[in-house]
Amino acid sequence: MDEKSLQIVLSHLPITQIHYHPSIGSTNDTALVMLEQDALDGTLVVCDLQTAGRGRLNRRWITQPGSALAFSLILHPTEYEMSMLPLFAPLAGLAVCRALEQLNLKPEIKWPNDVLLERRKICGILVESSWSGSKLKGVVVGIGVNVAPSSVPPDHEVLFPAGCVEHSLGKPVERTDLLASILDHFFSERKGLGSLPFFKAWEQRLAFRGEHVRVEPPGKPDVTGVLVGLDEAGQLVLRSAADEIILISAGDVARLRPMV
Ligand code: BTN
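Residues numbered from 1 in each chain as written. Predicted model: local features only at pLDDT ≥ 70, side-chain atom pairs only at ≥ 80, totals over all residues. Heavy atoms only, no water.

Trainee: Explain the pairing of strand E1 (residues 17–24) to me, and be specific about the residues and the numbers.
Mentor: Looking along a regular strand, one sees side chains alternate from face to face of the sheet. Here seven bridges tie E1 to strand E2 (residues 43–50), and the two strands are oriented parallel to one another. Residue pairing in the sheet places Tyr-20 in a bridge with Val-46 of E2. Taking the sense of rotation as the criterion, the β-α-β connection linking E1, helix H2 (residues 27–36) and E2 turns out right-handed. (Pairing = 2+ DSSP bridges. Helix = DSSP H or I, 4+ residues; strand = E, 2+ residues; numbered from the N terminus. Right-handed = clockwise from strand over helix to strand, strands pointing away.)

Trainee: Could you give an account of helix H7 (residues 196–204), naming the residues involved and the relevant values?
Mentor: Of all the residues in H7, the buried ones are Phe-198, Phe-199, Ala-201, Trp-202 and Glu-203. As for H7, its buried residues are in contact with helix H4 (88–101), strand E4 (108–110), helix H6 (175–190) and strand E9 (223–230). (Buried < 20%, exposed > 50% of the residue type's maximum accessible area, 1.4 Å probe, protein only. Contact = heavy atoms within 4.5 Å.)

Trainee: Residues and numbers for the sheet that holds strand E7 (residues 135–146), please.
Mentor: Strands sit in the order E1-E2-E3-E7-E6-E5-E4 across an open sheet of seven strands; the sheet is mixed. Taken across any chain shown, the strands that pair with only one partner, and hence form the sheet edges, are E1 and E4. Across the sheet, the mean angle separating the axes of adjacent strands is 20 degrees when strand polarity is ignored. As judged from the five bridges shared by E2 and strand E3 (residues 68–75), these two strands associate in the antiparallel manner. Residue pairing across strands places Cys-47 opposite Ala-70, the latter belonging to E3. Packing of H2 onto the sheet brings it into contact with E1, E2, E3, strand E6 (120–132) and E7, and relative to E7 it is tilted by some 160 degrees. The strands touched by H6 are E2, E3 and E7; relative to E3, the strand with the most contacts, the crossing angle is about 30 degrees. (Axes fitted to C-alpha atoms, helices over the stretch in contact; angles between N-to-C directions.)

Trainee: Can you lay out the layout of surface pockets for me, pointing to particular residues and giving the numbers?
Mentor: Here the largest pocket is characterised by a volume of approximately 790 Å³. Mapped onto the lining of the largest pocket, the elements with two or more residues apiece are H2, E3, E6, E7 and strand E12 (255–258). Sorting elements by how many residues they give to the lining of the largest pocket places E6 first, with six residues. Across the lining of the largest pocket, the residue classes tally to 16 nonpolar, 13 polar and 10 charged. (1 Å grid on protein atoms, 1.4 Å probe; cavity = no way out; pocket = protein on both sides within 12 Å on 5 of 7 lines; lining within 4 Å. Points joined across faces, edges and corners; volume = space filled by probe spheres on them. Nonpolar A, V, L, I, M, F, W, Y, C, P; charged D, E, K, R; others polar.)

Trainee: Break down the packing of H4 against H6 for me, with residues and values.
Mentor: Their axes nearest at 8 Å, the elements H4 and H6 cross at an angle of 130 degrees. One finds that H4 runs oblique with respect to H6. Note that H4 runs across H6; the crossing there is right-handed. Along its contact with H4, which presents Phe-88, Leu-91, Ala-92, Leu-94, Ala-95, Val-96, Arg-98, Ala-99 and Leu-100, the element H6 presents Leu-178, Ser-181, Ile-182, His-185, Phe-186, Glu-189 and Arg-190. (Parallel < 35°, antiparallel > 145°, perpendicular 65-115°, else oblique. Left-handed = near helix turned anticlockwise from the far one by under 90°.)

Trainee: Lay out the environment of Asp-184 with the relevant residues and their values.
Mentor: By the element assignment, Asp-184 lies in helix H6. Distance in space between the C-alpha atoms of Asp-184 and Gly-66 is 22 Å, their sequence separation being 118 residues. Dropping the residues within four chain positions of it, Asp-184 is found in contact with His-12 and Leu-13.

Trainee: Tell me about the site of the ligand, and name the residues and values.
Mentor: Near the ligand there are 21 residues, and of these Ser-26, Thr-27, Arg-54, Arg-56 and Lys-121 occur at the shortest range. Between a nitrogen atom of the ligand and a side-chain N or O atom of Gln-50, the distance comes to 3.1 Å. Relative to its unbound accessible area of 410 Å², the ligand is 99% covered by the protein chains. A molecule is said to occupy a pocket when more than half its atoms come within 2 Å of that pocket's grid points, and by this definition the ligand occupies the largest pocket. For the shell around the ligand, the secondary-structure elements that each account for two or more residues are H2, E3, E6 and E7. Counting residues per element, the shell around the ligand draws most heavily on E6, at four residues. Residue composition of the shell around the ligand, grouped by class: six nonpolar, 10 polar and five charged. (Near = heavy atom within 4 Å. Polar contact = N/O pair within 3.5 Å; in protein donor to acceptor, adjacent residues only side chain to side chain. Areas by Shrake-Rupley, 256 points an atom, 1.4 Å probe, with all protein chains shown as cover. Sits in = over half its atoms within 2 Å of the grid points.)

Trainee: So what's going on with the pairing of E7? Residues and values would help.
Mentor: In terms of burial, E7 is largely enclosed, as 10 of its 12 residues are buried. Looking at chain direction, E3 and E7 are connected through eight bridges and run antiparallel. Each bridged residue has a counterpart across the sheet, and for Phe-71 the counterpart in E7 is Ile-143. The pairing of E6 with E7 spans 10 bridges and is classified as antiparallel. By the bridge assignment for E7, Ser-130 is matched with Gly-138. Linking two consecutive strands that pair antiparallel, namely E6 and E7, is a turn of two residues; a positive phi of about 65 degrees is found at Gly-133 within it.

Keep in mind these values describe shape, not function.
What follows is the structure in structure tokens.
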């Protein structure tokens, strides 16, 4: 992977600038700094080695060289998109799913936006917004994908078992092609953000539908129930043991686990 090959493979997309780093702390951190310096919508920060990558709920996300995708996209949401900022993470999840489906894989989305293959997490997404008072400066969509087996952390180091694309596919994957495909789907799906087809596409790919799950919102009691699906606002719908419907907002930084 290098800046020149990225420029060629991404030339048909609305990417305004590509910043490739052989090694970086965190692509999200760099993108957030660039947002302060007025980086344009569609600016992309990509790396090979990521030494201080960040995940949701203050977790770490380290990316080994030559083995994974780690990138961040800077966006300036439109007026319409501003009313649905929590949907940018599922949008990214959906784009990753669509790219994997083109490889004939069967990805699932562990609500709200982790992507699974064979019930193992292969992609994490961290969306961060930058504000100046009440004015939104922009959004950074950070995506990490485990591509080769060397990118997969051992089970004892992670809360949910991890996998990788090449293991599920059974053959090597060209990282720049996968990146181009994810971004291609991201920009197509962005046009339908918050629409009914968007929620349907997200719901169709939800992992653990009809199964017992536990949702752990930080600082709040856990919620358990059977995962029913999504409502028309993207909230997770659970049915409790007392047959009550429980809704959990996509904006909650909750963790979802299957119950064993
Ligand atoms: C998670 O599952 O907890 C989210 C992980 C997000 C990791 C990506 S890798 C690219 C971008 N830069 C970061 O520091 N984090 C995101």
